Amino acid sequence: QVQLVESGGGLVQPGGSLRLSCAVSGSILSIYTMGWYRQTPGKQREWVGTVTTGGDTNYADSVKGRFTISRDNAKNTVYLQMNSLKPEDTAVYYCTARLRVLRVPGLNDYWGQGTQVTVSS
């Protein structure tokens, strides 16, 4: 019914850059806040940042100044530009979106399947 499909993960050297994308599709009536989380084995999922419908962004202190979240409302897509990557950024990255979906009451949060980002030399 609703799909969030991430792409762009991979292996990168420390100091390098990657850009993740997440496209939302399905029976969507409205898309509200979109964002990114990440998770490493044995740890809780960590909030990375969010972007509102108006383009306002907020970031975790650990990524502030290095990561940039943006969205293309015409394409129902959210992006995560990651620069100056560090080994500790290695994780599975998940996109999330708060949606109003056809025949589903209220607003609900939906998640992508995750994409692996590995920062290593």
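Source: prediction; values computed, not measured.

Student: Tell me about the pairing of strand β10 (residues 108-111), residues and numbers included.
Tutor: Relative to β10, strand β9 (residues 91-101) is paired through four bridges, and the arrangement is antiparallel. Across the sheet, residue Arg98 finds its bridge partner in β10, namely Asp109. With antiparallel pairing between neighbouring strands as the criterion, β9 and β10 make up a hairpin whose turn holds six residues, including Arg103 at a positive phi of roughly 65 degrees.

Student: Outline the nonpolar core, listing residues and values.
Tutor: Formed by 31 residues in total, the largest nonpolar core has its most connected members in Leu4, Trp36, Leu80, Met82, Tyr93 and Leu99. Leaving out residues up to four positions away in the same chain, Leu4 has contacts with Cys22, Ala23, Val24, Cys95, Thr96, Ala97, Leu99, Tyr110, Trp111, Gly112 and Gln113.

Student: Would you mind going over the sheet that holds strand β7 (residues 67-72) in detail, with residue names and values included?
Tutor: Here four strands make up an open sheet; going across it, the order is β1-β3-β8-β7 and the pairing antiparallel. Edge positions in the sheet fall to β1 (2-7) and β7, since each has one partner strand and no second. The sheet shows a mean angle of 15 degrees between the axes of neighbouring strands, taken without regard to direction. The pairing of strand β3 (residues 18-26) with strand β8 (residues 77-82) spans six bridges and is antiparallel. Within β8, the residue paired with Arg19 across the bridge is Gln81.

Student: Summarise unusual backbone geometry; cite the residues concerned and give the values.
Tutor: Not every positive phi belongs to a glycine, and Ser84 is a case in point at roughly 50 degrees. In this fold, Ser84 is placed in the loop between β8 and β9. Its identity is not glycine, yet Arg103 carries a phi of approximately 65 degrees, on the positive side. Structurally, Arg103 is set in the loop between β9 and β10. By relative accessible area, Arg103 is classed as exposed at 71%.

Student: Tell me about the side chain of Asp89, and please be specific about residues and values.
Tutor: Within the secondary structure layout, Asp89 lies in the loop between β8 and β9. There is a polar contact of 2.8 Å between the side chain of Asp89 and the backbone nitrogen of Lys86. Those residues in contact with Asp89, other than ones at most four positions away along the chain, are Arg38, Arg66, Phe67, Ser84, Val117 and Val119.

Student: Let's hear about the pattern of salt bridges: which residues, and what values?
Tutor: Evaluated as defined, the whole model comprises five salt bridges. The residue Asp89 makes a salt bridge to Arg38 at a minimum N-O spacing of 2.9 Å. With a gap of 51 residues between them, Asp89 in the loop between β8 and β9 and Arg38 in strand β4 (residues 28-39) connect regions that are remote in the sequence. You can call Asp89 buried: its relative accessible area is 0%. In this structure, the salt-bridge partner of Arg98 is Asp109, at a minimum N-O distance of 2.7 Å. Remark: Asp109 occurs in strand β10 and Arg98 occurs in strand β9; sequence separation between them is 11 residues.

Quick notes on the rules
- Residues numbered from 1 in each chain as written.
- Predicted model: local features only at pLDDT ≥ 70, side-chain atom pairs only at ≥ 80, totals over all residues.
- Heavy atoms only, no water.
- Pairing = 2+ DSSP bridges.
- Helix = DSSP H or I, 4+ residues; strand = E, 2+ residues; numbered from the N terminus.
- Core = buried A, V, L, I, M, F, W, Y, C linked by side-chain atoms within 4.5 Å.
- Buried < 20%, exposed > 50% of the residue type's maximum accessible area, 1.4 Å probe, protein only.
- Contact = heavy atoms within 4.5 Å.
- Axes fitted to C-alpha atoms, helices over the stretch in contact; angles between N-to-C directions.
- Polar contact = N/O pair within 3.5 Å; in protein donor to acceptor, adjacent residues only side chain to side chain.
- Salt bridge = Lys/Arg side-chain N within 4 Å of Asp/Glu carboxyl O.

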